[in-house]
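Chains, contacts and geometry: an overview
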Amino acid sequence: MTTPVHADHDTHSAAAPLSTPLHDAHVALGARMVPFAGYLMPVQYEGILAEHAHCRTAAGLFDVSHMGQATLRGADHATVARALETLVPADIVGLEPGRQRYSQFLNEQGGILDDLMVHRLPGADGVLGLVVNAACKVADYAHMAARLPNGVLLDIHEERALLALQGPQAADVLVSLGADVAGWDFMDVGPASLAGIPVVLSRSGYTGEDGFEISVNADTVAGLWQILLRDPRVRPIGLGARDSLRLEGGLCLYGHDIDETTTPVEAGLLWSIQKRRREDGGFPGADVVRSQIAEGVARKRVGIRPDGRAPARDGAEIVDENGVAIGIVTSGGFGPTVGGPVAMGYVAAVQARPGTRVGLVVRGKALPAEIVSLPFVPARFYRAPK
Amino acid sequence: MTKYYTEEHEWISVAGKVATLGITDYAQAQLGDVVFVEVPTVGRKVKKGEETAVVESVKAASEVYSPITGTVVETNDPLADSPITVNEDPEGAGWFCRIEMSDPAELEVLMDEAAYKTFVEGL
């Protein structure tokens, strides 16, 4: 049997992997640790299917401390926001205090260098918080440092750890630990206290479920991890289920579904470029992005459901009914909640309509499949009543 | 009935000229939850070292190699609807296929249970 590849492509395999502050806690829980983006991370604890199901029905706890946390700081919000807007296509100037937005660092061709979350804490004018991908963080920091104007400073928060608590019971768990988050809207962000430990919470995540990301000092994360796991509703979830959850949620994985060769328009991320930025531009690749908005794109990211039970993985060719290549799978696997294989990929725009019949080439055979709308599992983000 | 093992974590159980092929308990634990199994078609001729079955976990696909040359005479078709059997009973009900051997001398290089146990302990 070929050795199963559990982790993602490890781009940092030459160097000894780093560890998060929770490494020993993962090992104590019996996690299988694998290299991922330069870190040794837990790919699974009890098993991917059970962890996936638990996150969809209760509350799953993830260590995502490998991700990059940074802040940009300047005289006031407008100064810092305008500086960041030269690098990303989202409306950052219009970001309200206590809110978070999803965006992308773009290159001059409109290709995606990384995707990230940007938040504005309440009561801290002139500070923006950023969360970027682990595998890209060094490049992201250099990219920003080389382009930020005088008066806007980049602080890298290696002293912060990051947890995610995801699932329909996540909010109740945090309320029971003293955080007044029941009424928070999706993408609200702010300081809070969990069992007396100061944290910064955002009501967001990477599973399609309601949930929170929890930024906490690295010195206190191990204690908070234990406190959260003491709640019977909470179980630890590894990177394996994180991937199957986000895939069912139709969420992009950087380096697979989006990269330097894909634009936000091709990737179906136009919703993350607000009206003012579409009209005024002023971000890298704006000409490409705006012409794609006006004239359409040659290829689009789509969801794909194989008819049978065989998964099609990243890299599988997508063919039309005559066997002609029309695209490629960028993420694929088994969707535990769907109960069958699911995939995402890029196809020629004329063949991107849901219901289009395609083939996915797996082990030399074109398996019948159909283009479908994303997500595979409806998102359950919490929307506060207006 | 004699059981043999490979360094790639396949087992075969030999009765007369027919060998039953599967993956070991160690292999299923490494794979994690099995969600798809592809078995060969009956009548297919397989060579020693050739990809004979495919077993897929949530994360990845793995190829299962036949440690012996021969012809597939029977397949474990219920695995299509119950791939998790490979996790639950890898060295029993989770077998993939039976192969009629054409060169029983190929068995000589395979490990017995004690040798395989030692091999796994060294990993």
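For clarity, every value in this text was computed on a predicted model and none was experimentally measured. (Residues numbered from 1 in each chain as written. Chains lettered and ligands numbered in written order. Predicted model: local features only at pLDDT ≥ 70, side-chain atom pairs only at ≥ 80, totals over all residues.)

**Considerations on the overall build of chain B**
As a reminder of what qualifies: Runs of H or I in DSSP of at least four residues are treated as helices and runs of E of at least two as strands, each being numbered from the N terminus. With C-beta atoms placed from the backbone, a residue counts as buried when 20 or more other C-beta atoms lie within 10 Å of its own, as exposed when 12 or fewer do, and as partly exposed for counts between those limits. We call two residues in contact if the C-beta atoms placed from their backbones are at most 7 Å apart.
A tally of regular secondary structure across chain B gives 3 helices and 9 strands. Along chain B, helices (α) and strands (β) appear in the sequence β-β-β-α-β-β-β-β-β-α-β-α when read from the amino end. The principal-axis extent of the C-alpha atoms belonging to chain B is close to 35 × 35 × 20 Å. Burial analysis of chain B (123 residues in total) assigns 45% to the buried set. Within chain B, counting contacts between residues at least 6 apart in sequence, those at least 24 apart form 63% of the total.

**Quick notes on helix 3 (residues 77-85) of chain A**
Each α-helix winds once per 3.6 residues, and so residues spaced three or four apart point in a common direction. Within the sequence span of helix 3 of chain A, burial applies to Val 80, Ala 81, Ala 83, Leu 84 and Glu 85 of chain A. Residues of helix 3 of chain A that are buried sit in contact with strand 5 (68-73), strand 7 (112-120) and strand 8 (127-132) of chain A.

**Observations regarding the pairing of strand 11 (residues 189-194) of chain A**
Regular strands have side chains that alternate between both faces of the sheet. All names here are of chain A. Put simply, the rule is: Here, any two strands with at least 2 DSSP bridges between them count as paired.
One ladder, built from 6 bridges, connects strand 11 with strand 12 (residues 197-202); its direction is antiparallel. Considered in strand 12, the bridge of Gly 190 is made with Leu 201. From the end of strand 11 to the start of strand 12, which pair antiparallel, there are 2 residues, and Ala 195 there has a positive phi angle of about 50 degrees.

**Overview of the packing of helix 2 (residues 48-57) of chain A against helix 7 (residues 239-248) of chain A**
Working note: a packed helix pair is described by the angle between its axes plus the distance between those axes. Residue and element names in this part refer to chain A. Note the following rule: Lines are fitted to the C-alpha atoms to define the axes, a helix being fitted only along its stretch in contact, and any angle between axes, read from their N-to-C directions, falls within 0 to 180 degrees. Between 65 and 115 degrees an angle is taken as roughly perpendicular, under 35 as roughly parallel, over 145 as roughly antiparallel, and anywhere else as oblique. Note on convention: near helix rotated counterclockwise from far helix by under a right angle means a left-handed crossing. Clockwise means right-handed. Amino acids outside the nonpolar list (Ala, Val, Leu, Ile, Met, Phe, Trp, Tyr, Cys, Pro) and the charged list (Asp, Glu, Lys, Arg) are all regarded as polar, and Gly is one of them.
In the contact formed by helix 2 and helix 7, the axes pass within 9 Å of each other and the chain directions differ by 55 degrees. Judged by the angle between their axes, helix 2 and helix 7 are oblique. In this structure, the crossing between helix 2 and helix 7 has a hand that is right-handed. Counting all contacts with helix 2, which are made through Ile 48, Glu 51, His 52 and Cys 55, the residues of helix 7 involved are Gly 240, Ala 241, Ser 244 and Leu 245. Counted by class, the contact of helix 2 with helix 7 contains 4 nonpolar, 3 polar and 1 charged residues.

**Let's talk about the interface of chain A and chain B**
On the side of chain B, 24 residues touch chain A, which itself brings 18 residues to the contact. Put simply, the parts of the chain that give the side of chain A that touches chain B at least two residues each are helix 2, helix 7 and strand 17 (325-335) of chain A. For the side of chain A that touches chain B, a count of residues per class yields 8 nonpolar, 7 polar and 3 charged.

**Overview of the environment of Pro 368 of chain A**
All names here are of chain A. Looking at the secondary structure, you find Pro 368 in strand 20 (residues 365-372). Take Pro 368: there are 12 C-beta atoms within 10 Å of it, and that puts it in the exposed class. In sequence terms Pro 368 and Ala 179 are 189 residues apart; their C-alpha atoms lie 49 Å from each other. Discounting residues that sit within four places of it in the chain, Pro 368 has contacts with Asp 307, Arg 357 and Gly 359.

**Remarks on unusual backbone geometry**
At the junction of Leu 374 of chain A and Pro 375 of chain A, the peptide bond is cis and its omega measures out at 0 degrees in the coordinates. Within the secondary structure, Pro 375 of chain A is located in the segment after strand 20. Phi at Met 187 of chain A takes a positive value of approximately 75 degrees, unusual for a residue other than glycine. Mapped onto the elements of the fold, Met 187 of chain A is located in the loop between helix 5 (170-176) and strand 11. Its identity is not glycine, yet His 9 of chain B carries a phi of approximately 70 degrees, on the positive side. Along the chain, the position of His 9 of chain B falls in the loop between strand 1 (2-5) and strand 2 (10-15).

**Let's talk about the nonpolar core**
Note the threshold: As used here, a nonpolar core is made of buried Ala, Val, Leu, Ile, Met, Phe, Trp, Tyr and Cys residues. They are joined through C-beta atoms within 7 Å.
Membership of the largest hydrophobic core comes to 135 residues, with the highest contact counts inside it found for Leu 84, Leu 163, Leu 165, Leu 174 and Leu 360 of chain A. The contact partners of Leu 360 of chain A, leaving out residues within four places of it in the chain, are Ile 304, Pro 306, Ala 312, Ala 316, Ile 318, Val 329, Ala 343, Ala 366, Leu 367 and Ala 369 of chain A.

**Here's the deal with the sheet that holds strand 6 (residues 51-57) of chain B**
Residues and elements named next belong to chain B. With antiparallel pairing, the 3 strands of this open sheet are ordered in space as 4-6-7. Only two strands of the sheet have a single neighbouring strand rather than two, namely strand 4 (34-38) and strand 7 (61-65). Across the sheet, the mean angle from the axis of one strand to that of its neighbour is 25 degrees, orientation sign disregarded. Summarising the sheet, strand 4 and strand 6 pair through 4 bridges and their orientation is antiparallel. Along strand 6, the bridge assignment pairs Phe 36 with Glu 56.

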